[in-house]
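Residue-level structure breakdown
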Amino acid sequence: MLRMLDRGLMKAEEHILSYSIILIAFMVVGNVLSRAIVGSGWAYTQEISRFAVTVATFMGISYAARKGRHISMSAFFDLAPYPIRKGLSILIPALTSFVLLILAFFAYEYFMSLYESKRTTTAMEMPVYFMAVVVPIGFIFGAIQFLRNMWINIKEKEVYLAQDKKDYS
């Protein structure tokens, strides 16, 4: 049941990220073409693009952690002997998850302040908190993925960068 839920979440993440990137490309190219052909751009392009970039960035945290594609400073890690690499492969995701949970708390506080302010965007007059709702969600999903990465390294003998990705060293 959990595997099915996890696969569904991964597919949802892939779709969200894909459509966010497509939306960014469409908005930017469409706005440029509109300016070149008609002489004026779309007023709402910046707001939609900003929302799509926010979604892609914060929902991408979880997906990158799931696939082992997150940014890492691996010079020391790659040169370290196995016992140190194994310890770091448990410690680093644990600390990263902890930091992401703290950031999720602050992002939620920020989201609530935006919600209570009832501010709207300039062009579309959409509530500003719509753009911030994905931030705490992305941090929480990312924290869960890093906890999973930590758990796989506790459970297995080999060093894993992600659930399905063994260390290449």
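Scroll up for the structure.
So, a few notes on the structure that sits alongside this text.

**A few points about the overall build of the protein**
Counting its secondary structure elements, the protein contains six helices and two strands. Tracing the protein from N to C terminus, the helices and strands come up as α-α-α-α-α-α-β-β. Relative to its length of 169 residues, the protein is extended, with a C-alpha radius of gyration of 20 Å against a globular reference of 15 Å. If you line up the protein on its principal axes, its C-alpha atoms span 60 × 40 × 35 Å. When the 169 residues of the protein are sorted by exposure, 37% land in the buried category. The long-range fraction of contacts in the protein, counting pairs at least 24 apart against all pairs at least 6 apart in sequence, stands at 70%. Summing over all exposed atoms, the protein offers an accessible surface of approximately 10800 Å²; the carbon and sulfur share of this is 70%. Put simply, the protein has 17 plus and 12 minus side-chain charges, and the middle of one group is 5 Å from the middle of the other.

**Some details on the nonpolar core**
Counting residues in hydrophobic clusters, the biggest one holds eight residues: Ala-65, Leu-100, Ala-104, Ala-107, Val-135, Phe-139, Ala-143 and Phe-146. Elements supplying a minimum of two residues to this core: helix H4 (82-117) and helix H6 (134-155).

**A look at the pattern of salt bridges**
Summed over all chains, the structure comprises four salt bridges. Linking Arg-66 and Asp-6 is a salt bridge whose minimum nitrogen-to-oxygen distance equals 2.7 Å. Taken together, the residues Arg-66 in helix H2 (residues 45-67) and Asp-6 in helix H1 (residues 2-37) connect sequence positions 60 residues apart. Assessed through its relative accessible area of 6%, Arg-66 is described here as buried. In this structure, Lys-11 and Glu-14 form a salt bridge, with 3.4 Å as the shortest nitrogen-oxygen distance. With Lys-11 and Glu-14 both in helix H1 and three residues apart, this pair spans about one turn of that helix.

**A short note on a nonpolar patch on the surface**
A cluster of nonpolar side chains, namely Phe-98, Val-99, Ile-102, Leu-103, Phe-105 and Phe-106, defines an oily patch on the protein surface of about 580 Å² accessible area. As for its placement among the helices and strands, Phe-105 is situated in helix H4. Overall, Phe-105 belongs to the partly exposed group, its relative accessible area being 47%.

Criteria and cut-off values
- Residues numbered from 1 in each chain as written.
- Predicted model: local features only at pLDDT ≥ 70, side-chain atom pairs only at ≥ 80, totals over all residues.
- Heavy atoms only, no water.
- Helix = DSSP H or I, 4+ residues; strand = E, 2+ residues; numbered from the N terminus.
- Rg over C-alpha atoms; globule rule 2.2 N^0.38 Å.
- Buried < 20%, exposed > 50% of the residue type's maximum accessible area, 1.4 Å probe, protein only.
- Contact = heavy atoms within 4.5 Å.
- Areas by Shrake-Rupley, 256 points an atom, 1.4 Å probe, with all protein chains shown as cover.
- Lys, Arg positive; Asp, Glu negative; His and termini not counted.
- Charge placed at Lys NZ, Arg CZ, Asp CG, Glu CD.
- Core = buried A, V, L, I, M, F, W, Y, C linked by side-chain atoms within 4.5 Å.
- Salt bridge = Lys/Arg side-chain N within 4 Å of Asp/Glu carboxyl O.
- Patch = residues over 30% accessible without salt bridge, like charges linked within 9 Å, V, L, I, M, F, W, Y side chains within 5 Å.

None of the figures reported here should be taken as evidence of function without further support.
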